[in-house]
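Here are the chains, one letter per residue:
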Amino acid sequence: PTSAQVSVVPHSGRFCYTLDNDLLTREQRQFYEDNGYLLIKKLVSDEDIERFRKAFMRICKREVKPPGVMIMKDESLRSQFGQSEKVVNKVQDFQEDEELFRYCTLPEVLKYVECFTGPNIMAMHTMLINKLPDSDKQTFLHPMHQDLHYFPFRPASRIVCAWTAMERAHQDNGCLVVQPGTHKTTLKPHGYPQWEGKTNKLFHGLLDEDEKIPKVHLVMEKGDTVFFHPLLIHGSGINRTSGFRKSISCHFASSECHYIDVKNTTQEHLEKELQEIVCKRYNATSVELKDIWNFRARLVQGERINL
């Protein structure tokens, strides 16, 4: 609905990471330019969050099995609980689950997304994270990383993540941690950190983290939504409480973005790992990275151009 008011060209000479629009204030645009993220309070309603929670529980209980969805579990707890909320720590690629995918089409979310991507919007990568109580093993401590490491499309400035807290997120239950301003840096090499037995599959992190860069813990209330740049260095701590910390998120990109070849780049080893997982899962002999992303991608507003 805001398409008419959004220019697809950044404001000449001043703003690099946001597009001219009638929604963000000058202060909000400047904050995103400087820090690489923007927090909007109470953007998603309690009613919607409750519907997403119920949809997640249906997946946990195997009442529904959406095609393509990847259910990640704490394998050490599987024998105790089977597949339940106490075991499932992430539901990824939920584009075929009608109820969860509603998140990616919420007008209140898309009107903000458009300020970063322009009017032609693709939902590229979807996740509902259920951070489990984890005081001992630290299995779900997500190392500091840049999301662009996972994406074979560019330009980075036309990609944005919307991340909504489904309950209060704070330091004790593993809220998001960001390093403001790091979106202005380049994509850095990622891999599995040297934490013996403490990382999940595909939970890559920076191989050389600069501890001197200040970190900010994003304390968020239920329904608060943070929009952030794919080069922003961020992660999340462990959940030291006895409850679960849920969030729902989607990475959006302008459909005018284009795929790149990641051969001979820092992303090449991730491509191989992802191809192995997909081939094993679907009993395929080979698969192209672009095909994996084409399968995930969904047009949510405007016209599909490249992605």
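Calculation notes
- Residues numbered from 1 in each chain as written.
- Predicted model: local features only at pLDDT ≥ 70, side-chain atom pairs only at ≥ 80, totals over all residues.
- Heavy atoms only, no water.
- UniProt positions renumbered as here; feature names shortened; annotations may be inferred.
- Helix = DSSP H or I, 4+ residues; strand = E, 2+ residues; numbered from the N terminus.
- Buried < 20%, exposed > 50% of the residue type's maximum accessible area, 1.4 Å probe, protein only.
- Salt bridge = Lys/Arg side-chain N within 4 Å of Asp/Glu carboxyl O.
- Pairing = 2+ DSSP bridges.
- Core = buried A, V, L, I, M, F, W, Y, C linked by side-chain atoms within 4.5 Å.
- Contact = heavy atoms within 4.5 Å.
- pLDDT = per-residue confidence, 0-100.

Named according to an unreviewed UniProt entry, the protein chain is Phytanoyl-CoA dioxygenase, peroxisomal originating from Melanocharis versteri. Turning to the protein chain, the UniProt annotation filed under Sequence similarities (unreviewed entry) states: "Belongs to the PhyH family."

A count of helices and strands for the protein chain gives seven helices and 16 strands. In the protein chain, which comprises 307 residues, the share counted as buried stands at 57%.

Let us look at unusual backbone geometry. Of note, the amide linkage connecting R154 to P155 takes the cis form, showing an omega dihedral of 5°. Locating P155 in the fold gives a position in the loop between β6 (153-154) and β7 (159-165). The backbone phi angle of D93 is positive, close to 60°, even though this residue is not glycine. Of note, D93 is situated in the loop between β3 (88-92) and α4 (98-101).

The subject of this paragraph is the pattern of salt bridges. One pass over the structure, following the stated rule, counts 15 salt bridges. The partner of D224 in a salt bridge is K41, with the nearest N and O atoms 2.7 Å apart. Note that D224 is positioned in the loop between β11 (216-217) and β12 (225-228) and K41 in the loop between β1 (37-40) and α2 (46-60), a separation of 183 residues in sequence. The partner of E221 in a salt bridge is R168, with the nearest N and O atoms 2.9 Å apart. With E221 in the loop between β11 and β12 and R168 in the loop between β7 and β8 (176-178), the pair connects residues that are 53 residues apart, well separated along the chain. Taking the relative accessible area as the measure of exposure, R168 reaches 41% and is therefore partly exposed. One network of salt bridges, in which partners are shared, links D48, R51, E99 and R102.

With respect to the secondary-structure elements, N89 resides in strand β3. For N89, a relative accessible area of 4% corresponds to the buried category. Put simply, N89 and I71 are 18 residues apart on the chain and 8.0 Å apart in space, counted from C-alpha to C-alpha.

With respect to topology, four strands assemble into an open sheet ordered β5-β13-β8-β11, the strand pairing being antiparallel. Pairing within the sheet leaves two strands with one partner each, and these edge strands are β5 (142-145) and β11. Where β8 and β11 come together, two bridges link them in antiparallel fashion. Paired with V177 across the two strands is H217, which belongs to β11.

Note that soluble globular proteins tend to have their nonpolar side chains buried in a common cluster. Counting 39 residues, the largest nonpolar core has V91, L100, Y103, C104, V109, F227 and F252 as the members making the most contacts within it. Elements with a contribution of two residues or more to this core: β1, α2, β3, α4, α5 (107-117), β4 (121-131), β7 and β14 (245-254).

Before going further, it helps to spend a moment on helix α1 (residues 26-35). Along α1, the residues that are buried comprise R29, Y32, E33 and N35. Turning to α1, the residues buried within the fold contact β1, α5, β7 and β12. Where α1 terminates, the next one or two residues include G36, which has phi positive at roughly 90°.

As a general rule, the predicted coordinates of low-pLDDT regions are not to be interpreted in detail. The predicted model of the protein chain averages 87 in pLDDT, with 86% of residues at 70 or higher. Here residues 1-9 is a poorly scored stretch, pLDDT under 50, and it has 21 contacts once near neighbours within four places are set aside; other chains count.

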